[in-house]
Amino acid sequence: MKKLSLVFLPVILLVLQGQCQQMNYRAIPEHLTENANAIVRYHNMHFEISSTDQAELTINGAVSILNENDREAAFVMKSYDEFSKIKTFKADVYDHNGNKMDKLRGKDILDRSIVPDHSMYTDNRLQFILPKYPRYPYTVEYEIEIKYHGSLFYPDFTPYDAGARYNVSAANIDWKITSPVSLKPRYKVINLDQQKPNVINNDGEITMHWHMDEIKAFDNEPFDLPLSARTPQILIAPNKFEMDNYAGNMKTWKDMGHWVALLNKGRDKLPPEEVSKIKQLTDTLTNRYQKIKAVYEYLQSRCRYVSIQFGIGGWQTMPATEVCENGYGDCKGLVNYTQALLGAVGIDSYYTLVKAGKWEQDIYTDFPSVQFNHVLLSVPHENDTIWLECTDMNQPFGYLGRFTIDRHALMITPGGGKLVKTPKLPPELNLQSCTGEIDMNASGDVNSLVVTQFDGLQYDLREKQLSRDSEEKHKWISQHLDISGFTIRDLEYQTENSAVPSIHEEIDLHVKKYATKTGDRLFFKPNMIHRVPTVKRVENRESQLFITWGYHDTDTLEYRLPKEFEVEHLPEPSHFKSPYGSYDASVEVKDDRLVYARSFKTFKGTYEPQAYHKFRNFRMKVNKADNAMVILKKK
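Note that the structure is predicted; figures quoted are calculated from it, not measured. (Residues numbered from 1 in each chain as written. Predicted model: local features only at pLDDT ≥ 70, side-chain atom pairs only at ≥ 80, totals over all residues. Heavy atoms only, no water.)

## Points about the packing of aromatic side chains
The geometry of an aromatic ring pair comes down to the distance between the two centres and the angle between the two planes. Selection rule: Only the six-membered ring of Trp is used, alongside the rings of Phe and Tyr, when aromatic pairs are assigned; centres must lie within 6.5 Å, and planes under 30 degrees apart are stacked while those over 60 apart are edge-to-face, with the rest tilted. In DSSP terms, a helix is any run of H or I states spanning at least four residues, a strand is any run of E spanning at least two, and both are numbered starting from the N terminus. Each residue's exposure class comes from its accessible area (1.4 Å probe, protein chains only) as a fraction of the maximum for that residue type: buried when under 20%, exposed when over 50%, partly exposed otherwise.
Considering all chains together, one arrives at 25 aromatic pairs under this definition. Ring centres of Tyr551 and Phe600 lie 6.2 Å apart, and the angle between their planes is 70°; on these two criteria the pair is classed as edge-to-face. One end of the pair, Tyr551, is in strand β32 (residues 551–560); the other, Phe600, is in strand β36 (residues 593–602), with 49 residues separating them in the sequence. No difference in accessibility class separates Tyr551 from Phe600, as the two residues are buried.

What follows is the structure, encoded as structure tokens:
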């Protein structure tokens, strides 16, 4: 035995030496460290599809954490549920020389339920590691194997197991998908040079292979595209699939809609007493619009949102009867319940899938797949559609905010899935209009009543204020007003709920020394409330310029000036326009008052990276005009 050990000792040492060199920080090409907080040394994914409901994913990878700016890049995790099982999860940690410092196995792998801040019941769980070491750089090498039973969701291929990230580069990426020829999945390549895979056919089995070297890190740039739109990735999706014995096809949006309808078939029944109640509520209403509104408000008055994600329940709705009896449901259940209520009074409506999120990009309409995370209810009405957000019990009737507005959605109709577009509001309807009466004394102190109305998507800027108590409202305003030394004497809100809702805000302010006194002069900015901040300079910008929404702000402020002073200097009027917005401002004296008027528009759009310089210049001009000074001189 001793001789045998001595024979193999050189081999073992060579293996260990090779492993040490591989994980050594010095082995990283220097140009990949540029602009990087972490580097993916290698990331290999192999997805093997066996049947319409059986598949296995194997991941081998390593990431080096270069500094404390992104320790979370070492966050290696995988979720699992009733339809997936993690067979293997292990990791090793190496120092900057490639020496192994730690082995993570078994109890070292953390296991938690995935439960967000809001009410949620789910069987989704998470296994993960997040090694943290005081000395940089260090490297985490990991191996994960997952077994899938059910094939509605195929994994997305990205270079970063910790999720899409800024300032992370990648050295070596290798992705493979193996399946029977008859179950060859569809794919969509995003931000990769290798558009088509290398394909190997072997006795009825097909393997698609992508390989990439050296993906450079990129910065989080101001007004850039969503991170998911900049990250290299491959989306894959099945044609035929099966989930909990529900077989379907996802080759077209129409086919996907048929499967969703099959999944929810027969789950829209209501108790007879509920049908009677909703008919009694609406029978006296002759206007169809009023009936839809009455049903929606009935939902809001008696239900609350609770996310429920158990097994197929992540996609299948709760029966309407259960929502009725319990008074709660997730987005699917509440939409299905509302649809059933409308159906009881003879009004057709459609369960509609959407990708929600204020900063989410639209779905890829040319790639039928599971790209949705939310459900709305769409109700055809005359020549238009009424859209209902059923999870928010304070949402104005017919209004969709930035969470779901202006994007493609999948309407589930009797004929299958149909891609539609949620409504959008033009900038002129997203209006923030501010008026103010401001009294200034000889010391520069001001008392002001500022009234601002937030219309359309600007409603979202103050919507959360409505549910806060008085102390929280004052605190929030105090944190968001760009004024020093002020006291809020009174604060009130009123709302007008409609498809283009409004919030009316009144703030009674006292500001000590708003105007700066120097000798016999007072200096102050006539734009007291709404000033546009500067925009960061970016050299060699890489991302497209992305302005997510359009809006219009107006301000009219009237100052009663101290009698002891007269106007010595007024800013020149400002008028300029660009592809990104427009700006007009003026200050004039009318009788005994100084009147400041301002209009600022921002236009939604996506522009090439080189446009950022012109956009920045436009915003700098706006900022300069917004900070212009009035000078008063003592008489």
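## Some details on helix α8 (residues 470–480)
Quick reminder of the rule: Note: the arc covers the axis-to-C-beta directions of the helix. Two residues form a contact once any of their heavy atoms are found within 4.5 Å. Contacts described as polar in this section are N or O atom pairs within 3.5 Å, which, within protein, must combine one atom able to donate a hydrogen with one able to accept it, while residues neighboring in sequence count only if both atoms come from side chains.
Burial in α8 covers these residues: Lys473, Trp476 and Ile477. Each buried residue of α8 sits inside an arc of 95° when the element is viewed along its axis, so together they form one side. Every exposed residue of α8 that faces more than 90 degrees away from the buried side is listed here: Glu471, Lys475 and Gln479. Where α8 is buried, its residues contact β27 (486–496) and β28 (502–511). One side-chain oxygen at the N-terminal end of α8 lies 3.2 Å from the backbone nitrogen of Glu471; it belongs to Asp469.

## Side note on the side chain of Asp555
Along the polypeptide, Asp555 turns up in strand β32. There is a polar contact of 2.7 Å between the side chain of Asp555 and the side chain of His530. Not counting the four nearest positions on each side in its chain, Asp555 is found in contact with Cys434, His530, Tyr596, Ala597 and Arg598.

## Some details on the environment of His258
Mapped onto the elements, His258 comes out in helix α3 (residues 253–264). With a relative accessible area of 38%, His258 lands in the partly exposed category.

## Side note on unusual backbone geometry
The omega torsion across Tyr136 and Pro137 is -5°, close enough to zero to call that bond cis. Position of Pro137 among the secondary structure elements: in the loop between β8 (125–129) and β9 (138–149). Unusually for a residue other than glycine, Asn167 sits at a positive phi of about 55°. Structurally, Asn167 can be placed in the loop between β9 and β10 (168–180). We classify Asn167 as buried; its relative accessible area is 14%. Positive phi, close to 55°, is recorded for Asp203, a residue that is not glycine. Checked against the element boundaries, Asp203 lands in the loop between β12 (198–202) and β13 (205–215).

## Considering the pairing of β8
Definition in use: One bridge is not enough; two strands pair if DSSP finds at least two bridges between them.
β8 sits mainly inside the fold: four of its five residues count as buried. Here five bridges tie strand β3 (residues 76–80) to β8, and the two strands are oriented antiparallel to one another. From the neighbouring strand, Ser79 faces β8, where its bridge partner is Leu126. Summarising the sheet, strand β6 (residues 110–113) and β8 pair through four bridges and their orientation is antiparallel. Pairing of Ser113 across the sheet is with Arg125, part of β8.

## Some points on the sheet that holds strand β20 (residues 350–354)
Sheet strands pair by backbone hydrogen bonding; their relative direction is either parallel or antiparallel. Quick note on the threshold: Between the N-to-C directions of two axes lies an angle of 0 to 180 degrees, each axis being a line fitted to C-alpha atoms and, for a helix, fitted only over the stretch in contact.
Spatial strand order, β22-β21-β20-β23-β24: five strands in an open sheet with antiparallel pairing. In the strand order of this sheet, the two ends are held by β22 (384–388) and β24 (416–421), each with one partner. Here the strands of the sheet are splayed against their neighbours by 35° on average, with no regard to which way each runs. Two elements, β20 and strand β21 (residues 374–381), share five bridges in a ladder whose sense is antiparallel.

## Observations concerning the nonpolar core
Convention followed: Buried Ala, Val, Leu, Ile, Met, Phe, Trp, Tyr and Cys residues form a nonpolar core when they are joined through side-chain atoms within 4.5 Å.
Counting 56 residues, the largest nonpolar core has Leu509, Phe524, Met528 and Tyr559 as its most contacted members. In this view, Met528 contacts Ile438, Val446, Ser448, Val450, Ile483, Tyr514, Leu557 and Tyr559; residues no more than four positions away in its chain are not counted. Core analysis: the next-biggest nonpolar cluster, separate from the first, contains 52 residues, Met256, Val335, Leu353 and Cys390 among them.

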